[in-house]
Amino acid sequence: EHCVPIHSIVRVDERNSEDILVWGDFWVFNYNQVGDTLKCVSGGSHPGLMHVRQTEKGFEVTGFDQVEDGSNYLPTAQKIFGERYEAFHAVNSDEQKREVLRAEVLADYVKAHSLAVTMYQDFGWPAKKL
């Protein structure tokens, strides 16, 4: 029912308005609303480099260089983030900070969409208040 993107930006290079570079850790969570709770049904991390351009109507994503999974994770993360790898690793490995950000983004989403929601819950875990 609800798809909520959450992002931790590592660095932005706006020197070229036709190819703005945004390095970050991008998460997507999907929720079903059950009563006053958003129950997470799927989600995942998509770290990488987003290519964006500015148009008359706003910003448009034109490409995405994604860090690969498994044994290719480290080499592709190092290649994509380059000198920004340590900053990415600090953001990506801080689960506490990510959960605080997730709760803040969800609270903003609930408010913006006038949802009768007070909690969110991951499968197998207790619900958390927003």
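Predicted, not measured: the structure shown is a model, and the values here were computed from it.

## So, the side chain of Thr76
Argument step 1. By the secondary structure assignment, Thr76 is in helix α1 (residues 73-81).
Argument step 2. Given the relative accessible area of 15%, Thr76 is considered buried.
Argument step 3. A polar contact of 3.2 Å, which involves the side chain of Thr76, links it to the backbone oxygen of Tyr73.
Argument step 4. Ignoring anything within four residues of it in the chain, the contact list for Thr76 reads Val67 and Glu68.

## Focus: unusual backbone geometry
Argument step 1. Backbone geometry at Ser114 places phi at a positive 50 degrees, although glycine is not the residue there.
Argument step 2. You can see Ser114 is positioned in the loop between α3 (95-112) and β5 (119-121).
Argument step 3. On the basis of relative accessibility, which here comes to 67%, the residue Ser114 falls in the exposed class.

What counts as what
Residues numbered from 1 in each chain as written. Predicted model: local features only at pLDDT ≥ 70, side-chain atom pairs only at ≥ 80, totals over all residues. Heavy atoms only, no water. Helix = DSSP H or I, 4+ residues; strand = E, 2+ residues; numbered from the N terminus. Buried < 20%, exposed > 50% of the residue type's maximum accessible area, 1.4 Å probe, protein only. Polar contact = N/O pair within 3.5 Å; in protein donor to acceptor, adjacent residues only side chain to side chain. Contact = heavy atoms within 4.5 Å.

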